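The lines below spell out each chain.
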Amino acid sequence: MRCSQLCAGLFAGALALAAAMPAAAQDYPRGTVKIIVPFPPGGPTDTVGRLIGMKLQEMWGQPVIIDYKPGAGTVIGADYVAKSAPDGLTIGMVNSSLAVNPTLRKKLPYDTLKDLTGVTQLFNMQLAIVARPDAPFNNVKELIAYAKAHPGQLNYGTPGAGSTTHLGAELLKREAGFDMQHIAMKGSAPAHTELMGGRLDLVVDPLLSVLPFVQAGKMKLIATMGDKRVPGVNAPTVAEVLPGFNVGALLGFVVPAGTPPAVIHKLQADTAKVLAMPELKKRAEEYGMEIVASKPEQFNAFLASEVRKWARVVTDAHIEAD
């Protein structure tokens, strides 16, 4: 009898807990939600972050604010999220640096795969190679030929050392067999300024970040770095010259480890609804971004695979953080 009573009590408790989890998710969010952007205002991550935040605010009827925590190659922002309360009210917007930093930076203040957990990969972002309008090359084939004819004379800028743009350019150099000097900038905007000012020969950056300058005639689009052409953008891919070449950048949401699974799944489901809106789909296509909207478990598995992939690239190329 005692066992029966004990088992019945445990079963009732389990049922109550199971019932409470969906209820908590249905009530989510209550209060102000912060989306942590690990870059200064005005960059590509900020652009899509503000748009998604605005749509989530409309859906939830709760304030959603963008909080900027730039610095240290996104480490400051990721660390802030990792140490926040696991209640779903602090969301980290992350890019591929999250997967690069475990190898690039030897002493992170958090464990990437233990202290953070994935909500969803929002987009796969196309990267682009751009030059000044007067550059003596117009496509990847001409760029490679020019670089080989002028060894070590070209330089290229990226938003920072160890960024996916940096690693993508290093892969291009290795696979095409030429050399050029990397100039690490503190964000996309300074790289654009230096290119248009004539102090850089090339910039590698997300397509969405450089496309307005290309359309205004201030930059020349040499190629995109994905495995297929971007609809509506008149540019070849690197893969058309170097078959199999494919480098993109992820953009996603993470939350602190320990956040209730029901809350994570509610956040993912609501974000997926936003990503399916015509306005978001149109903006993604314009910027050369592929909507992913993956499930939490899919995103966590992808992050783990990205950590392993970039670890090999960083180690082989002897890349170090500034």
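Anything mentioned here points back to the structure above.
Below is a short write-up of the structure. Nothing here was measured: the structure is a model prediction, and the numbers come from that model.

So, how was this worked out
- Residues numbered from 1 in each chain as written.
- Predicted model: local features only at pLDDT ≥ 70, side-chain atom pairs only at ≥ 80, totals over all residues.
- Heavy atoms only, no water.
- Helix = DSSP H or I, 4+ residues; strand = E, 2+ residues; numbered from the N terminus.
- Rg over C-alpha atoms; globule rule 2.2 N^0.38 Å.
- Buried < 20%, exposed > 50% of the residue type's maximum accessible area, 1.4 Å probe, protein only.
- Pairing = 2+ DSSP bridges.
- Polar contact = N/O pair within 3.5 Å; in protein donor to acceptor, adjacent residues only side chain to side chain.
- Contact = heavy atoms within 4.5 Å.
- Salt bridge = Lys/Arg side-chain N within 4 Å of Asp/Glu carboxyl O.
- Axes fitted to C-alpha atoms, helices over the stretch in contact; angles between N-to-C directions.
- Parallel < 35°, antiparallel > 145°, perpendicular 65-115°, else oblique.
- Left-handed = near helix turned anticlockwise from the far one by under 90°.
- Nonpolar A, V, L, I, M, F, W, Y, C, P; charged D, E, K, R; others polar.
- Arc of directions from axis to C-beta.

Structural notes on the overall build of the chain
Move 1: Within the chain, the regular secondary structure consists of twelve helices and ten strands.
Move 2: Since a compact globule built from 322 residues should have a radius of gyration of about 20 Å, the 22 Å found for the chain is in line with a globular shape.
Move 3: For the chain, the spread of C-alpha atoms along the three principal axes comes to 90 × 40 × 30 Å.
Move 4: Buried positions account for 51% of the 322 residues belonging to the chain.

Quick look at the pairing of strand 4 (residues 116-131)
Regular strands have side chains that alternate between both faces of the sheet.
Move 1: Taken across its 16 residues, strand 4 has 15 buried, putting it largely inside the fold.
Move 2: Strand direction decides the pairing type here: strand 4 and strand 9 (residues 248-256), joined by nine bridges, are antiparallel. Among the inter-strand pairings, Q121 is bridged to a residue of strand 9, identified as G252.
Move 3: Pairing of strand 4 with strand 7 (residues 202-206), which is carried by five bridges, proceeds in the antiparallel orientation. The residue bridging I129 from the neighbouring strand is V204, located in strand 7.
Move 4: Looking at chain direction, strand 4 and strand 8 (residues 220-224) are connected through four bridges and run antiparallel. The residue bridging A131 from the neighbouring strand is K220, located in strand 8.

A word on the side chain of T120
Move 1: By the secondary structure assignment, T120 is in strand 4.
Move 2: According to the relative accessible area criterion, T120 is buried, its value standing at 1%.
Move 3: Of the polar contacts made by the side chain of T120, one reaches the backbone oxygen of S294; its length is 2.7 Å.
Move 4: Beyond its immediate stretch of four places on either side in the chain, T120 contacts G252, F253, Q268, T271, A293, S294 and F299.

Things to note about the pattern of salt bridges
Move 1: Taken as a whole and assessed by the stated rule, the structure comprises 14 salt bridges.
Move 2: For the salt bridge of R132 with D201, the shortest nitrogen-to-oxygen distance reads 3.7 Å. Pair noted here: R132 is in the loop between strand 4 and helix 6 (140-149) and D201 is in the loop between helix 8 (188-196) and strand 7, with a separation of 69 residues, a long-range link.
Move 3: What emerges from the salt-bridge pattern is a single network uniting R132, D134 and D201.

A short note on the packing of helix 7 (residues 164-176) against helix 12 (residues 296-317)
How two helices sit against one another is set out by the angle between their axes and by the gap between those axes.
Move 1: Where helix 7 meets helix 12, the closest approach of the two axes is 11 Å, and the angle between their N-to-C directions is 60 degrees. When the interaxial angle is binned, helix 7 and helix 12 end up oblique. Between helix 7 and helix 12 lies a crossing of left-handed hand. Contact residues: T164, L167, L171 and R174 in helix 7; W310, V313, V314 and D316 in helix 12.
Move 2: For the contact of helix 7 with helix 12, the per-class residue count stands at five nonpolar, one polar and two charged.

A closer look at unusual backbone geometry
Move 1: For the bond running from Y28 to P29, omega is -5 degrees, close enough to zero to count as cis.
Move 2: When you line up the elements, P29 lands in the loop between helix 1 (2-27) and strand 1 (33-37).
Move 3: Not every positive phi belongs to a glycine, and A72 is a case in point at roughly 55 degrees.
Move 4: For A293, which is not a glycine, the phi torsion comes out positive at approximately 55 degrees.
Move 5: Among the secondary structure elements, A293 is positioned in the loop between strand 10 (289-291) and helix 12.
Move 6: With a relative accessible area of 23%, A293 lands in the partly exposed category.

Here we look at helix 8
Move 1: Restricting attention to buried positions, one finds in helix 8 the residues S188, A191, H192 and L195. One face of helix 8 carries all of its buried residues, which in axial projection span an arc of 100 degrees.
Move 2: Of the residues one or two after helix 8, G198 is the one with positive phi, at around 85 degrees.

Comments concerning the packing of helix 8 against helix 9 (residues 207-215)
Move 1: Where helix 8 meets helix 9, the axes come as close as 11 Å, and the angle between the chain directions of the two elements is 30 degrees. Pair helix 8 / helix 9 crosses with right-handed handedness. Mapping the contact onto sequence places S188, H192 and M196 in helix 8 and S209, V210 and F213 in helix 9.
Move 2: In terms of residue class, the contact of helix 8 with helix 9 is made up of three nonpolar, three polar and no charged.

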